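What the coordinates show
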Amino acid sequence: MCHLTESFTLGVLMVAVFCVSKTMDQSVSLQKTRKSTNLQYGFYRKKCEKAEHIVLSTMRKLTSENSETPALLLRLVFHDCFIRGCDASILLKDPTNAGQSETEATPNLTLKGLEMIDIIKQKLENECPGTVSCADILVLAARDGITLMGGPFYPLLTGRRDSTESFYGDSFQGIPSSEDEIRNIVGIFKRKGFSKRETVALLGGHSIGSINCSIIQHRVENFRGTGKPDDTLDDDWLKQLTSKCNNKQRHSSQSSSSLLEKSKNNRKTKSNQKLSSSIPMGIMFDLHYFQDVLRGRGLLFSDQQLMKDPTTADAVRNYASGDGSDFRIDFIQVMAKLSNLGVLTGSQGQVRINCSKVNRT
Ligand code: HEM
């Protein structure tokens with residue numbers, strides 16, 4: 001399988017070829033993507049030689065201090081890229097405090113990890129001021145996090161620029177809800193260019209991270225406001241879910257010497273202030289997510305919906321079986337595709353100095 005190498009510059013191409021030697025198709029599609037997005041391999045090679053290395057080494061440190069880091073950043077990438085593209089608009093705070101930034105929209109209220117990006121950004125600003133965009137940092141850090149959790153490495157094009165706007169209103173339509181049925185889920189992903197199989201591969205992101213008990217409680221006590229549990233849960237699974245949240249597992253932060261605590265930039269967002277009990281979806285990036293869904297043990301209603309459509313159910317069966325290579329190969333491809341959605345390049349947008357604020361000229 002593919003492993004992360006220290007050499008992130010030329011290495012990306014070599015690893016890509018190694019990882020996907022089975023498919024020439026993918027490199028052809030990456031070439032096409034490069035042309036259609038104006039992104040480049042190794043965009044920072046001359047401008048900030050150590051950029052990708054700094055992202056990786058900081059991710060290693062942050063992950064060793066808090067193993068939740070990769071999951072938080074992966075979810076952030078999904079929410080950023082699905083709302084008007086991978087432009088780091090999700091990181092912007094509303095300067096007017098009118099509650100109109102993307103993170104203040106309901107689907108984004110439980111996002112965490114924005115302060116991790118601030119930490120990486122600070123290191124990059126020290127090395128090469130005003131050069132590396134928050135949008136590139138976000139996708140690179142998520143990619144490195146996945147690899148640190150045992151997932152596949154995927155080469156990423158760089159050269160994204162940052163948005164000068166936050167899209168509060170778009171968040172409500174663009175991000176699926178955990179109570180959505182399969183038709184809505186595949187509809188939302190289709191609008192972003194993902195097939196049903198690609199949607200299932202992307203949902204493999206739920207291999208790592210945790211789910212807040214409030215979401216589980218909703219499902220087991222008052223699903224869609226009915227005052228009853230979700231009727232797709234069998235009795236045994238209902239009991240297990242109830243007890244998982246009753247034995248509350250506190251997800252605490254990291255040691256006092258951590259990078260996070262040292263960060264002067266440590267953000268206090270609504271979401272990261274209200275850490276509450278949560279249950280793990282998974283620790284390592286492997287096939288357990290698909291195996292659970294196949295057994296009717298998906299944690300979210302939306303996860304379990306993947307078994308309700310013949311095409312998505314086939315993909316779940318395929319990914320859950322074998323040595324995991326089908327999932328890993330598809331995941332490489334969909335993460336690269338997700339990371340290239342609606343990017344700003346060239347003279348569009350800006351390279352923000354502080355990821356939570358637009359630069360004022
Ligand atoms: C139908 C689509 C999706 C729905 C409805 C959904 C919903 C959710 C929900 C409700 C949570 C728990 C949030 C919390 O406890 O506060 C969650 C967590 C997570 N999601 Fe998704 N998600 C979807 C797709 C994705 C995709 C495509 C990815 C990445 C490629 C992703 C990555 C994650 C990760 C890594 C976490 C764990 C975050 C953590 O540990 O805090 N999700 N998702």
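The shown structure was predicted, so the numbers you read here are calculated from the model rather than taken from an experiment. (Residues numbered from 1 in each chain as written. Predicted model: local features only at pLDDT ≥ 70, side-chain atom pairs only at ≥ 80, totals over all residues.)

**Overview of the site of the ligand**
- Around the ligand sit 25 residues in total, of which Ala 71, Thr 110, Gly 205, Gly 209 and Asn 212 are the nearest.
- Secondary structure elements with two or more residues in the shell around the ligand: helix H4 (69–82), helix H9 (196–203) and strand S1 (209–212).
- For the shell around the ligand, the element with the most residues is H4, which contributes five residues.
- Grouping the constituent residues of the shell around the ligand by class yields twelve nonpolar, ten polar and three charged. (Near = placed C-beta within 6 Å. Helix = DSSP H or I, 4+ residues; strand = E, 2+ residues; numbered from the N terminus. Nonpolar A, V, L, I, M, F, W, Y, C, P; charged D, E, K, R; others polar.)

**Describing the packing of helix H3 (residues 51–65) against helix H5 (residues 114–127)**
- Where H3 contacts H5, the two axes come as close as 10 Å, and the packing angle between them is 140°. Relative to H5, H3 is oriented oblique. Note on packing geometry: the crossing formed by H3 with H5 is right-handed. The segment H3 lies against H5, with Ala 51, Ile 54, Val 55, Thr 58 and Leu 62 engaging Met 116, Ile 119, Ile 120, Lys 123, Leu 124 and Glu 127.
- Here the residues of the contact of H3 with H5 sort into eight nonpolar, one polar and two charged. (Axes fitted to C-alpha atoms, helices over the stretch in contact; angles between N-to-C directions. Parallel < 35°, antiparallel > 145°, perpendicular 65-115°, else oblique. Left-handed = near helix turned anticlockwise from the far one by under 90°. Contact = placed C-beta atoms within 7 Å.)

**Focus: the UniProt feature "active site" (unreviewed entry) in the protein chain**
- According to UniProt, the "active site" (unreviewed entry) feature falls on His 79.
- Not counting residues within four places of it along the chain, the set of residues in contact with His 79 comprises Ile 90, Asn 108, Leu 111 and Ile 175. (UniProt positions renumbered as here; feature names shortened; annotations may be inferred.)

**Concerning helix H6 (residues 134–148)**
- Between its terminal C-alpha atoms H6 stretches 21 Å, which fits the 21 Å expected from 15 residues at 1.5 Å a residue.
- Where burial is concerned, most of H6 is hidden: 14 out of the 15 residues are buried. (Expected span 1.5 Å × (residues − 1). Buried ≥ 20, exposed ≤ 12 C-beta atoms within 10 Å, placed from the backbone.)

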